[in-house]
Structures are given as structure tokens and as C-alpha cells.
Amino acid sequence: MKKFIARRLAIAVIVMLGASLLSFLLLYLAPGNPAHAILTAQLGHDPSLEEVAFFMAKHDLNNPFLVQCSQWLYMITHVNLGMSFRTGEPVLVEFIDRFPATFELASASMLIAVLIAIPVGILSALKQNSMLDHISRLVSLLGVSMPNFWLGLLLILFFSLKLGWFPCFGYGTLSHLVLPAITLGTGLAAPLMRLMRASMLEVLRQDYIRTARSKGLSEQVVMWKHGFKNALIPVITHMGMQIGHLLAGAVIVETIFAWPGVGKFLVDAIYARDYPVIQGFVLIIALFFVLSNLAVDILYTYLDPRIRYDVENGK
Amino acid sequence: MVFENKFIKCTIIVGLILISSMMMGCLDNSDQESASSSVQTDATTEVQQVDQMVMVGAQKDFKVAYEGRSLVFETLMGVDKYGNPVPKLVESWDVSEDGKIYTFHLRKGVVFHDGTPFNAKVAKFALDMYMKKASYRDYVDRLEIIDDHTLRVIFNEYYDTFLLDIASDSSKVVSPLAVEPEWDLDGKIVEYVGTGPFKLVDYKKDQEAVLVRNDDYWGNNPKLEKVIWKTVPDPYTQIIALKAGELDIIGVGEHHSSIPYIELAKLEENPDIEVMIQSFGRYQVIEFNCQKEPFTDKRVRSAFNYGIDRELMVRTLFADVTEPSYVITAPWFKWGPGNIEEGYSYNPEKAKQLLAEAGWEDIDGDGILEKNGKPFVCELIVPVGEANADVVSVFLQAELKKLGVKMDILTLESGAAGDKKSAGEYDMYVHHSGCLPSIPGGVSSGGKYYSKNTNWAWEYAYHSDELDELIETAFSTPDEVLQRETLDEAWVLLHDEAPCIPLYDIVKPVAFRNKVHGFTFPATMFETNMQDIEIR
Amino acid sequence: MSLYLELKKDKPAMLGIVIIIFFGSIAVFAPYIVPHDPLELNLEERLLSPTVDHPMGTDNLGRDVLSRVIYGTRVSLSMSVAVVTVVMVLGITIGTAAGYFGGLVDDVIMRVVDVLLAFPSIILALVIAGLLGPSLTNVMIALGAIWWVSYSRIVRGSVLSIKEKEFVEAARAMGCSDVYIVRRHILPNVLSPVIVLATLDMGHIILSIAALSFLGLGAQPPVPEWGTMLNEGRPFMETAPHLMIFPGLMIMITVLAFNFLGDGLRDALDPRMKEGAIK
């Protein structure tokens, strides 16, 4: 087990280094000069050549590729992601400032997804091929087929503009959280629900359920103690894997609802070509992704004693 | 089998419910009116309990927008709407005969928000700090402190736009103690401590900034006690929030037109909301690549100018909120083309005739003109972020098609667009005529139509030796009469050459709830003026 | 053939196929069936609600929304087919190379795959498309550049298993060249799982294209792409909700059709997953 974790950590480090190189390369190769876009936004008019030159020199953008690249690698290995071109603040500070908002949105969405998906998934498994099962299948298919930005707009249209129940933008109170969390949560709930159902059905077919039943245990005990607990394993795995995707989905939802989170800031940085922010944020998100996958793998071994990672099970 | 049939039924039923509910939403507009008005009344009563406070909705974070900064910081000089320098922290000034020595008499009794007094030493610090990257730095010989409130700037060569340069946000005067390290010319501004009418007391990045009245302000104290600057990036969200009473005023925080023009008519109909519109003389223009066929031909450029129905454009795209423009920049600027009497008004016949004279004819009858066997196809570059450019470009495409010209649209991120511009890889380019405190219109030593301009070089814009000479004469003399006469000549020449297609005035609309009284526009589009606002 | 019979029993999958064929023919015959020119401005008839002449209303420039939606089918379907093709070619080439040659080639490719998998795909696509500048081509490049990864993994897996099969050993013993073996024995066996995966992915790709376009990074005006139309219609959400509703519905129905079909295909190929989950 320890060997497995060490190995995975080593791979994670290699992956992160590769990821940072890649994000650096992307920005280096991108057409257009960030100085122009950023100065235009800051000055309100086209920057002079002198201002552009000043900017380039200040941010070391004139250095040759290898120098810039090694500067960047040196910086990130010293937990320094540089300063934002636009705000002049350290990128890490910008991230930490915005993370709570994204975290709040992500947890609320996950909560909504779990609250919908798990009960409905179980019910459809228990009442297989019932009306409820069909409707839930259809709704979940609709859920994954619907662009989440469109769902967000529809929610704004009906619940903010027409009914006036919830504010259509902003951050702070619980009522601000409702629409964005539903928007993001719906996309999560759909696959989770199908997975819960499939997993439950799978478990109910297993021998140990039959054994438990034949031992004369009550149906409820069989379902909850033996069925539900085991059916939950793949669902939890899936949820863990969704953490990275949750951040990704947050990008669009935050943009629609003007949610002051990480995703919105990243999109703005992309539009404005704030290179250090793009590089830094992409790297942090990749780190989240890698770590959450690792955590899921480890958690998995505890939940399901049958899994052993000491033996490389080629996947 | 039963399973499948049921499933199909469900699909159809749910689908129908979904579609019909959407249709309902789509069709019933009356409901929405009453619903939103009930929200408004709730919110209004709530806000009215607070006195003399205004909630500003702005697209950008307070510290990112210069419009917001202008409430906290002031500049040495100011500028009026026409481009004349006016006093600000400099109360009066003398300029030597040859225009090389400026003596600034600084305003007395001005104190920064942190208690630091404003004096010649601070003013020199501010100038020294900004001179590090200002375009006038090579012209300045030295700065002299004459006494506590007199500062002299001595140039080694005449520099025409100095007073304008120190009226811009990039020369804001910051308390030297708010710079880290203190009094360090290379330091970083860490605190928002200025001399302005409002003090920044609380700031949450990307959310809001809270400003309170500076009771020690040197000028008239504003009536407002508090300004809350809310970051609301989406302009449509701003409008909804304004209607709901969650915001009191929108549109002040952006130099562009943050409120879509098309929304203004609806806002004006709303009894709770008032709208004000101001022109800052910034026109949207389409710049030609004057070194690339067929735009090397003046007749083609004029034809495009005559061939576009700007009145139709302004009426249909912008609900007549703004004015079409027929000359390169606003004639009322101090340096503007006030002498040009006849602009390029809509005249499709003349446009077609000019194109024919230039040798463009539709020989194969496909609706596209040809010359020497080549069809008239050109490309318009739209840098992302130019105001209204998405709809305007589509409109232009349709208008030019009527002339027999096929125009493709290429939207590019502004850096990439700038690269194409510098490399001359474009036919037409969406741009604007500029605005104060820079000299608008491109006719100045930093203007796009001056070929020896090094700082804002636009190599492929229209240039000629004759125009260069006129510009040099006009901007190397402190003699205002001579300057005006030379400019008149330059504008006649330039207007005739049709270097661009001026389209419309990018006016700035501001909308506020009717409890806000006394709103007035500042002189430039980069400032915010809250001086006379009162809540009643 | 048995796949077809399997599918024929699956009504939702058949419904999916019918919708896809229907939209496909709409896309192909768009110029003949549109009631109006999708690009023609009619500024006197702006923002009209649905009428007989304009069943889906008109947009802010007076263009017929129905005609634009129809042309949008063309843009979306051709774009996603193009992306899927690029991704398949890339994925098969790279995956086959990794699996067949093994060793260092395999190691290097798999580390690159690991790195790419460390990014949430839409974020990477967003960054690439954002940096390259807004255009449909750049969206295709962005999606192509990230999507091949999962394909190459699957291809590599099946190549590894096929490589050990007797007929490949035999071919090699007979002195056949690598290229011949790959083309003759390996590719045909790899192709079918990849095609199934591609069908399953069509929905995702359509959604991604629409999302990037919605953020202003994809199709540029006046191209009638669904995501772009949604973005353009957003300002008029209150007064003209039809601008937002119809393109969104089209995206949803198309993606739904591909998901129906994809589900069916998966069930048909893997009966154990009959009750299956979506991924």
C-alpha cells in the first residue's frame, strides 16, 4: 500500500512538472502579445510602443524561450506562481481569495446532486422498469444532454426575471447560491443517478445478498446494510473523480452568474491574456485533479478490501 | 417490449411538457411585468431607509477601473470637455513664451486621506514617479521646487501635450506614504490614499468597495456620505439589478458604453429609472489599410464612406440613442475638424459611381464587382472588445454587399489583431477616433495619421508628407492661432482623402434610479463625478 | 449484423438514429429548405416573436431564427464530425504506435497522456481556444488536441491484446512488415470499439463546441452556430426569449439523440451493462 502511494505520488510529481511545462508552452506559442491586450484594458486606449516595451521588460517577456521557461520552472518549484499582469497581486493570493466562493458553489452543487441522485437511483433500482425508473432514466439523459449554460439561462429567465424568487447574480447569501448550485448540480446528478442505480442492481445480484436473504435477515437489513453500503463504492469513486470536472463546470456557471470564484477569474484572465494567472490557475486545478484522483484510489482500498494495489492491476 | 413502449411514451410526454412550458414562458410577457414590478417596490422601500448612499454597479473591480479610482485620486491638471487644460491640484500655472518652462502654483490646504499634506515635494515625487514611463520623459530637463507650493518643470525641447498627459489617470497623485517603500520612485502603490472627495474604507476583491465622504476635501464636500462600488461584470445583470433596486446607478464605471444602447429605450420607459447620455466625441471608425490594393485608391475609400447608411444603422441597431458621424472625429474638440462642413452622408449612387470610376464593375453578373478579373473581396478585422463591433460588422457586411463588395469578418483577440495591424495584414480594421485626455482624431504628434509618430505608430494608416508637415507645424508651436489655422488645412486634406469610415459617436449612457438627483457627467470618459449627487 | 438486430430492439436508440438522420438531412439540404436567407438582415423586422412567416421569430438584426437554426445544424454536425474524425485519426495513430512498438515510444506517449489527463478537458480547451483567438477552426484544434487522449488509451489497450494473438505472430513469422501487420491485422480489430466510443462522444463534443462558442471563443458572427446564437440572444433574454430557447432546444435534442444511440450501442455491445450507467 505504501509502495503504491509512493509510486502514485512520484507519477503525480512528473505529471505536474509536465503539466506546468505544457501550460508554459501553450502561452509561449500563443499568437498575440499579452502587453497589448492588458495595457489597452488598463489605459483605455492603444498603448504606445514605449509602454509596450516597458511592460515587456518589466515582466521578462523579451527573454529567450529557454530562459523564460527555466525562470518559470524555478518559480513554481519555489511555490511562487508569479504576479498577475492585471492586478499586480501574487497569483496564489488571487487564487486563495477566490477559492472559498468556488468551494461553496462546488459543495452546494455536489450536495444537490447527491440528494437527488442517491435516493432516486436506489428507488429506480428497487423498482426496476417501473414508471419511476423510466422517468428517471429519461430525466437523467435530459440532464446530461442539456448544455449547463443554457439551463443556467433558463433558470435566470424563470426564477429571477419572471418570478423574482432568486437574485440572478452575485454572491453572499444563501439565495444567491440557489440558482448556480442547481445549474451545476443538475449536470452532476444525472450520471450519478444512473451509476447509483446500476451499482445497486449489480450488488443485489451478488451472492452475498442471496446468502444474507437466505439467512433470514429482514429485507431492510439486507438492503441497507449489505446492499446500499456496497453499492455506494463506485458512486463515491465517481464523485471523487468529479472534483476536477466540478471546477471545470464552475467556469461556465460562474461566468453566467457573475460568481466571484476561481473559474470566472480564469476566464477573465484568458480573455485579458493575463499569462501568470492562466498558468498558475491551470496548474493548481491540475494539482487538484491529480490529488483528488489519488485520494479516491486510496479511499477505494479502504472501502473495498478486495482491492489491493500492491499488485499492479493493469487497467 | 412493455418497457420500451412505456419509455417512448414517457419521452413524448416529458418532451411535450417541457416544450409547452417553454413556449408559455416565451409568449407571456404581461406576467413578467407585474412580477418584476412587485420585486421593485419591495427592494425600494428597503433601500430608502439608508440616507445619502449610492450603490454603483460596475463591470470591473473597483481597483481595476480608472473610473472608480478617480473618486479617490486626483491629478495635477484637469481637462475640460473640449480639451482645454483646467486647474485641479494645480490651482494656476504659467507657461514661458517658448513653451518650455511650466510653473505650477499648487493648491494650498490639500491633505491626503492619511493626513499627509500635499505640497511641491509630493507633486515632484508624483511627477518623477510617472516620468519613468511617460512619453514626455526625454523632453524634460529638470524639475525645480521653488517653494512649498510652487513647482517648475523645465523642458529641453517643446512638448505639446504635457498638460494633457498629467491630467490622465496614469498620473494620479498618490500619498508617498501609501507607496511601498515610502517615497520610493520604484515603489508599488499599496494603499488607495489620494486627495479625492471619497476615501476607500473597505474593499473586497471582485465584490465591492466601500467609499465614504472625505470631510477634509479641499473643494465642495459631496452630499453623498457613502458610495458602494459593486462589481457586476455582466451589463444585462446590471440592468436587471437596477430595475430591482439592488443597484442605484449603472454605466458610470466603464468608459465604453456599458449599457447596451438597445436597452436604453426600455429603461427610459421605466418610471423608476432615469437615463442620461453624454458624448465624449469618441467615434467608432473603420480604418483602411491605405497601402494595400484596392484601398490605395482614394475613390474606393470615399465610395465606402458614401455607401453606408449610418442613419439606418443608428436607428435600427441603437434605437437612435447616438448620432451617426460623417467626419473623422468630433468637430467640437479644440483640435477637431470644426471647419469641415460637408461630411460623408449616405449616397449609394455616388458610391457606385466612384467604384465604377476606380475600375470596379460587375462583369459576370454575380452581384460582386470585379476588376482585372478579380472579385472585390476584402476582410474586416474586429478586435475583441470594441464597442458594439459584433453587430456593426454584420451591418457593414450587408451594406457593402449592396455595393457589390464581399466583406469577410475576422474577429481576433486584441493582441493578435494588433499584430495584424502592425504587419499590415488587414484590409479594414475596427477602431475608434480616440478621446481625451489624448488628442483625439489621429491628427497630432502621437496620432495614427502622423507617419513619424514613433509611439503609436500605425504604419498602414493614411500618411502623406504634406499631412506630416502640417501636423508638425501645428504641434510645435505654443501659438494657438497658428495651430488652429494649420489644423484647418490638415483636416481639409485628410477629410478629402477619406482615411477611414467614421460610423457613429460612442456615447456613454448612464442609468440611475430616480431617487438619485444631481448626476452630472465628468469631462472625460475615464472619470466619475459624484460631486453633486443627492438622494431624495 | 447482430449489432443491428440488437439495436433494432432498443426503441430509444432507434429514436436516436431517426433524429440523427433527420437532422443530418436537414444539415445536408439546408439551402433548399430554409424559408429565409440565414444571413440576410431585415432591420425593420427585429426581435419579432414567432409568427407564421418566422416560426421561431427573428433576432436582433432581423434574421430569421428558424433558418439560422437550420444552418446551425449544418455547422454543429459538420464541426463535431470533423472533430471526431481528427480525434479518431490522432487517437488510432498514437495509440497504435504506443501499443505496437512498446518500449520507449510507449513510455513517452503514455506520460504525455498522463499529463493531458491531469487537466480537466474543458479548461484546457478553453485555454487553447482562448489563446488562439476566437474562431471555429481554433475550437476544433483545441478540442482535437485534448480529446485524442482517451482514444489512444483504448486503442493501445486493444493493440496490446491483439498483438499477442496467433495470427499476428504468424504474420510476423512470415516476415510481414510492421505497416502491413498494423494495416491488415490490427486496425480492423481496433476500429469498432473506437467507432462506438466516437458515437458516445458526439454528444459531448457538440456540447463542448456550443459551450466554447457561448463564451465567445467559437463561431464568430454572422455564422449561425447554436452556442453563438445563444450568446447573441442572451441580451434579449427578457424581451425575446425565443432567441435563447430554440437554439438551446436544438442542442439538447441533438445531444439527446446521440446519447440514446450511444446508450443503445453500449448495451448492444456489452450485454452485461444492459442496465448500464452513463460512464
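In this text, all values refer to a predicted model and were calculated from it rather than measured experimentally. (Residues numbered from 1 in each chain as written. Chains lettered and ligands numbered in written order. Predicted model: local features only at pLDDT ≥ 70, side-chain atom pairs only at ≥ 80, totals over all residues.)

## Digging into the overall build of chain C
Thought 1: When helices and strands are tallied, chain C shows ten helices and zero strands.
Thought 2: In sequence order, the secondary structure elements of chain C are arranged as α-α-α-α-α-α-α-α-α-α.
Thought 3: In terms of overall dimensions, chain C has C-alpha extents of about 75 × 45 × 35 Å along its principal axes.
Thought 4: For chain C, with 279 residues in total, the buried portion stands at 54%.
Thought 5: A separation threshold of at least 6 residues defines the contact pool for chain C, and within that pool the share at least 24 residues apart is 69%. (Helix = DSSP H or I, 4+ residues; strand = E, 2+ residues; numbered from the N terminus. Buried ≥ 20, exposed ≤ 12 C-beta atoms within 10 Å, placed from the backbone. Contact = placed C-beta atoms within 7 Å.)

## Observations concerning the overall build of chain A
Thought 1: When helices and strands are tallied, chain A shows twelve helices and zero strands.
Thought 2: Starting at the N terminus and walking to the C terminus, you meet the elements of chain A as α-α-α-α-α-α-α-α-α-α-α-α.
Thought 3: The C-alpha extent of chain A, read off along each of the three principal axes, is 85 × 60 × 30 Å.
Thought 4: Taking all 315 residues of chain A together, 47% fall into the buried category.

## Observations concerning the interface of chain A and chain C
Thought 1: With 42 residues of chain A at the contact, the number on the chain C side is 38 residues.
Thought 2: When residues of the side of chain A that touches chain C are traced back to their parent elements, those giving at least two are helix 1 (2–29), helix 6 (131–145), helix 7 (148–162), helix 8 (174–204), helix 10 (219–257), helix 11 (262–272) and helix 12 (275–303) of chain A.
Thought 3: Its residues placed into classes, the side of chain A that touches chain C shows 36 nonpolar, five polar and one charged. (Nonpolar A, V, L, I, M, F, W, Y, C, P; charged D, E, K, R; others polar.)

## A short note on the sheet that holds strand 20 (residues 428–432) of chain B
Residues and elements named next belong to chain B.
Thought 1: Reading across the sheet, the five strands line up as 19-18-20-15-21 and stay open at both edges, with mixed pairing between neighbours. In the strand order of this sheet, the two ends are held by strand 19 (406–412) and strand 21 (500–505), each with one partner. Taken pair by pair, the neighbouring strands of this sheet meet at an average axis angle of 25°, ignoring direction.
Thought 2: Alignment of strand 18 (residues 377–383) against strand 19, held across seven bridges, turns out to be parallel. Note that in strand 19 the partner of Val377 across the bridge is Lys406. (Pairing = 2+ DSSP bridges. Axes fitted to C-alpha atoms, helices over the stretch in contact; angles between N-to-C directions.)

## Quick word on the confidence of the model for chain A
Thought 1: For chain A, per-residue confidence averages 81 on the pLDDT scale, and residues scoring 70 or more make up 94% of the total.
Thought 2: Considering only residues more than four positions removed or in separate chains, one finds that residues 309–315 of chain A, a stretch of pLDDT under 50, has six contacts. (pLDDT = per-residue confidence, 0-100.)

## Overview of the interface of chain B and chain A
Thought 1: At the interface, 42 residues of chain B touch 38 residues of chain A.
Thought 2: Looking at the side of chain B that touches chain A, the elements that each hand over two or more residues are helix 1 (2–27), helix 2 (30–48), helix 6 (235–243) and helix 12 (414–423) of chain B.
Thought 3: If you tally residues by element for the side of chain B that touches chain A, the top one is helix 1 of chain B, at seven residues.
Thought 4: Looking at the side of chain B that touches chain A residue by residue, the classes come out as 16 nonpolar, 17 polar and nine charged.

## Things to note about the sheet that holds strand 22 (residues 508–513) of chain B
Residue and element names in this part refer to chain B.
Thought 1: If you trace the seven strands from one edge of the open sheet to the other, you get 10-11-12-1-13-22-14, paired in mixed fashion. Either end of the sheet is taken by a strand with one partner, and the two such strands are strand 10 (198–204) and strand 14 (273–278).
Thought 2: Each of strand 1 (53–58), strand 13 (249–250), strand 14 and strand 22 is contacted by helix 6, which is oriented at about 155° to strand 1, the strand it contacts most.
Thought 3: Against the sheet, helix 7 (residues 261–269) makes contact with strand 14 and strand 22, and its axis sits at roughly 140° relative to strand 14, the strand it touches most.

## Digging into the packing of helix 8 of chain A against helix 10 of chain A
Residues and elements named next belong to chain A.
Thought 1: With their axes 9 Å apart at the nearest point, helix 8 and helix 10 run at an angle of 160° to one another. Compared by their axis directions, helix 8 and helix 10 come out roughly antiparallel. Relative to helix 10, helix 8 is oriented so that their crossing is right-handed.
Thought 2: Along the lines of polarity and charge, the residues of the contact of helix 8 with helix 10 split into 16 nonpolar, eight polar and no charged. (Parallel < 35°, antiparallel > 145°, perpendicular 65-115°, else oblique. Left-handed = near helix turned anticlockwise from the far one by under 90°.)

## Section: the nonpolar core
One recurring pattern in soluble globular proteins: nonpolar side chains tend to sit buried together.
Thought 1: Counting residues in each nonpolar core, the largest one holds 328 residues, and the members touching the most others are Ile123 and Ala125 of chain C.
Thought 2: For Ala125 of chain C, the contacting residues outside a window of four places in its chain are Ala142, Leu143, Ile146, Ser208 and Leu212 of chain C. (Core = buried A, V, L, I, M, F, W, Y, C linked by C-beta atoms within 7 Å.)

## What about the confidence of the model for chain C?
Residues and elements named next belong to chain C.
Thought 1: Averaged over all residues, the pLDDT of chain C is 84; the fraction at 70 or higher stands at 95%.
Thought 2: Of the regions scoring below 50 in pLDDT, residues 272–279 engages in 16 contacts with residues more than four places distant in sequence or in other chains.
Thought 3: Reported confidences for the modelled complex are a pTM of 0.80 and an ipTM of 0.85.

## Regarding the packing of helix 7 of chain A against helix 10 of chain A
All names here are of chain A.
Thought 1: The N-to-C vectors of helix 7 and helix 10 enclose an angle of 30°; their axes lie 10 Å apart at closest approach. Judged by the angle between their axes, helix 7 and helix 10 are roughly parallel. Two packed elements cross with a definite hand, and for helix 7 against helix 10 that hand is right-handed. The segment helix 7 lies against helix 10, with Asn148, Phe149, Gly152 and Leu153 engaging Gly249, Ile252, Val253, Ile256 and Phe257.
Thought 2: In the contact of helix 7 with helix 10, the residues fall into six nonpolar, three polar and no charged.

## Quick notes on helix 9 (residues 226–233) of chain C
Thought 1: Helix 9 of chain C sits mainly inside the fold: eight of its eight residues count as buried.
Thought 2: Tucked inside the fold, the buried residues of helix 9 of chain C contact helix 7 of chain A together with helix 3 (65–101), helix 8 (178–214) and helix 10 (242–269) of chain C.

## With respect to the pairing of strand 18 of chain B
Residue and element names in this part refer to chain B.
Thought 1: The buried fraction of strand 18 amounts to five of the seven residues, a majority that puts the element mostly inside the structure.
Thought 2: Considered for its hand, the β-α-β crossover made up of strand 18, helix 11 (residues 389–403) and strand 19 is right-handed.
Thought 3: Note that strand 18 and strand 20 share two bridges and pair parallel. For Ile381, the partnering residue across the bridge sits in strand 20 and is Tyr429. (Right-handed = clockwise from strand over helix to strand, strands pointing away.)

## Here we look at the environment of Leu132 of chain C
Thought 1: With respect to the element layout, Leu132 of chain C can be found in helix 5 (residues 121–132).
Thought 2: Sequence separation of Leu132 of chain C and Leu217 of chain C is 85 residues, and the distance between their C-alpha atoms is 9.2 Å.
Thought 3: In this structure Leu132 of chain C touches Ala30 and Pro31 of chain A together with Asn138 and Ile141 of chain C, once residues within four positions along its chain are discounted.

## Quick word on unusual backbone geometry
Thought 1: Geometrically, the link from Glu180 of chain B to Pro181 of chain B is a cis peptide bond, its omega value of -5° lying close to zero.
Thought 2: Mapped onto the fold, Pro181 of chain B is located in the loop between strand 8 (179–180) and strand 9 (188–189).
Thought 3: Look at Asn129 of chain A: it is not a glycine, yet its phi comes out positive at around 65°.
Thought 4: With respect to the secondary-structure elements, Asn129 of chain A resides in the loop between helix 5 (91–126) and helix 6.

## Thoughts on the environment of Met244 of chain C
Thought 1: Within the element layout of this structure, Met244 of chain C appears in helix 10.
Thought 2: Given 25 C-beta atoms within a 10 Å radius, Met244 of chain C is considered buried.
Thought 3: Expressed as a C-alpha distance, the spacing of Met244 of chain C and Ser192 of chain C, which sit 52 residues apart in the sequence, is 38 Å.
Thought 4: Apart from the residues within four sequence positions on either side, Met244 of chain C is in contact with Leu153 of chain A together with Leu230, Gly233, Arg234 and Met237 of chain C.

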